[in-house]
Amino acid sequence: MDADPPGLDLARLAGHLQRAGLTEGPLTAELIVGGRSNLTYVVRDAARTYVVRRPPLGHVLATAHDMAREHRVMSALRDTPVPVPRMFHLCRDAEVIGAPFYVMEHVEGGQPPLTPALAHALVDVLAALHSITPGSVGLGDFGRPEGFLERQVARWKRQLDASRSRDVPGFDDLYERLARDVPAESGAPAILHGDFKLGNTLVSDGEVRAVLDWEMSTLGDPLTDLALFLLYGEVSALDPAAGRAVGATGEAGGEAPPLPIETGADLAARYGEASGRDLSRFGWYAGLACFKLAVIAEGIHFRHTMGLTVGEGFAGIGEQVAPLVARGLMEV
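> Sorry if this is basic, but what is going on with the packing of helix α9 (residues 282-305) against helix α10 (residues 318-331) here?
Between two packed helices, the angle of one axis relative to the other and the distance separating the axes together describe the packing. Two numbers describe how α9 lies on α10: the axes approach to 8 Å, and their chain directions differ by 165°. Relative to α10, α9 is oriented roughly antiparallel. With respect to the hand of their crossing, α9 and α10 are arranged in left-handed fashion. Facing G283, W284, A286, G287, C290, L293, A294, A297, E298 and H301 of α9, the residues of α10 in contact are G318, V321, L324, V325, R327, G328 and E331. In terms of residue class, the contact of α9 with α10 is made up of nine nonpolar, five polar and three charged.

See below:
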């Protein structure tokens, strides 16, 4: 049996999955996604290939890396127009490998360059997700949609206050504009992905084969998903390093290939037509997305200055904060 990858005891996993009827004999595994986000492995026996997902090593906040929550939402979406991997097993017993985990289908695909055609396909998937009535797939109690937007503004202000290390002009002004003019909901509550972008999907032959990484999913106003998706593309187009440097989970990596900036308005219109949502206040949602990414970038900058980040791609993140704040102020 191969050496265990970080966070995965292959002998214990093999015994557990064999008792569950999923595998036979020894396993091999490869860590494919690591860091502060959930850890993801390709696991194989002699005949089968699966994907196993568990929380990061040393995680503290269980709610941020809830395996049962991710398993539940992808199980619920299986027979919908939203492509998700098939779920095979959920283990809540942390004694097996040191943390709860789930086992899902291995889907072939990758992240090619984000062309306009692929951007259209992604926004169509997002509109399809938001068209699903949560109760119709057993997710009526998956979140607290009442007051969702107010809580989002307050949450990211708390995050900002916890990571302040310098004065960034306009940061407080952007928060105050968002807080005093929260729009009415854009329609009925929807299932949100929470971090929808190309890097959280698998694509093959121009088709979105699977939407992954549902750890931030909840119920709420879906225009927050749309605004963040479009901002990822715009940040990349304005500064290629910026889009690659930070995601909504605070993870560094090559996750956001550039989206042609001129397609942003077209994508929003395409989404509005498909979803029937009211986009008349979309500027506010775009401003919230800027505030959110600016807060995340400021937090990473603060940790980097304290020597608490590991790996490359963090040194220039602090330079992205002011442009994001300025962009947000242009929107709201």
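Having seen the structure, we can now continue with the description.
> It is not clear to me how the sheet that holds strand β3 (residues 49-54) should be interpreted in this structure. Could you clarify?
Pairing between sheet strands relies on hydrogen bonds along the backbone, with the strands arranged either parallel or antiparallel. Within the open sheet, the five strands sit side by side as β1-β2-β3-β5-β4. Their pairing is antiparallel. The strands lining the two open edges of the sheet, one partner per strand, are β1 (28-33) and β4 (87-91). In this sheet, neighbouring strand axes are inclined to one another by 25° on average, regardless of whether the strands run parallel or antiparallel. Direction of pairing for β4 relative to strand β5 (residues 101-105): antiparallel, over a ladder of four bridges. Paired with M87 across the two strands is M104, which belongs to β5. Strands β1, β2 (39-44), β3, β4 and β5 of the sheet are contacted by helix α1 (residues 10-19), whose axis makes an angle of about 65° with β5. Running over the sheet, helix α2 (residues 67-76) touches β3, β4 and β5 and is turned about 160° from β4.

> Help me understand the packing of aromatic side chains in this model?
The geometry of an aromatic ring pair comes down to the distance between the two centres and the angle between the two planes. Within the structure shown, the criterion is met by six aromatic pairs. Geometrically, the ring pair formed by Y50 and F88 is edge-to-face, given 5.4 Å between the ring centres and 75° between the ring planes. Taken as a pair, Y50 in strand β3 and F88 in strand β4 lie far apart in primary sequence, 38 residues in all. Exposure remark for Y50: the relative accessible area of 9% places this residue in the buried category. By relative accessible area, F88 is classed as partly exposed at 32%. For the pair F171 and F291, a centre-to-centre distance of 5.8 Å together with 90° between the ring planes defines the contact as edge-to-face. Within this pair, whereas F171 is found in helix α5 (residues 171-180), its partner F291 is found in helix α9, the two being separated by 120 residues in sequence. Both residues of the pair, F171 and F291, count as buried. An aromatic cluster is built from F171, Y175 and F291, whose rings are joined through pairwise contacts.

> Can you walk me through unusual backbone geometry in this structure?
One non-glycine residue, D205, adopts positive backbone phi at about 55°. Looking at the secondary structure, you find D205 in the loop between β7 (201-204) and β8 (207-211). A residue is classified by how much of its surface remains accessible, and D205, at 76% relative accessible area, is exposed. Notably, D213 is not glycine yet its phi reads approximately 60°, a positive angle.

> Looking at this structure, how should I read the nonpolar core?
Among the nonpolar cores identified, the biggest contains 70 residues, and L77, V82, F171 and W214 are the most heavily contacted of them. Per-element tally for this core: the top contributor is α9, with 13 residues. For W214, the residues in contact, after removing those within four places along its chain, are E70, V73, M74, L77, V82, V84, L129, L192 and H193. Membership of the second largest hydrophobic core comes to 18 residues, among which are L10, A29, V52 and F101.

> Got a minute to help me understand the environment of H130 in this structure?
Mapped onto the elements of the fold, H130 is located in helix α3 (residues 116-131). Separated by 91 residues in the primary sequence, H130 and D221 place their C-alpha atoms 9.1 Å from one another. Among residues more than four places away in sequence, those in contact with H130 are A190, I191, L192, P222, D225, Y271 and R277. Within the structure, the side chain of H130 is placed 2.7 Å from the side chain of Y271, a separation counted as a polar contact.

Rules of the game
- Residues numbered from 1 in each chain as written.
- Predicted model: local features only at pLDDT ≥ 70, side-chain atom pairs only at ≥ 80, totals over all residues.
- Heavy atoms only, no water.
- Axes fitted to C-alpha atoms, helices over the stretch in contact; angles between N-to-C directions.
- Helix = DSSP H or I, 4+ residues; strand = E, 2+ residues; numbered from the N terminus.
- Parallel < 35°, antiparallel > 145°, perpendicular 65-115°, else oblique.
- Left-handed = near helix turned anticlockwise from the far one by under 90°.
- Contact = heavy atoms within 4.5 Å.
- Nonpolar A, V, L, I, M, F, W, Y, C, P; charged D, E, K, R; others polar.
- Pairing = 2+ DSSP bridges.
- Phe/Tyr/Trp six-rings, centres within 6.5 Å; stacked < 30°, edge-to-face > 60°.
- Buried < 20%, exposed > 50% of the residue type's maximum accessible area, 1.4 Å probe, protein only.
- Core = buried A, V, L, I, M, F, W, Y, C linked by side-chain atoms within 4.5 Å.
- Polar contact = N/O pair within 3.5 Å; in protein donor to acceptor, adjacent residues only side chain to side chain.

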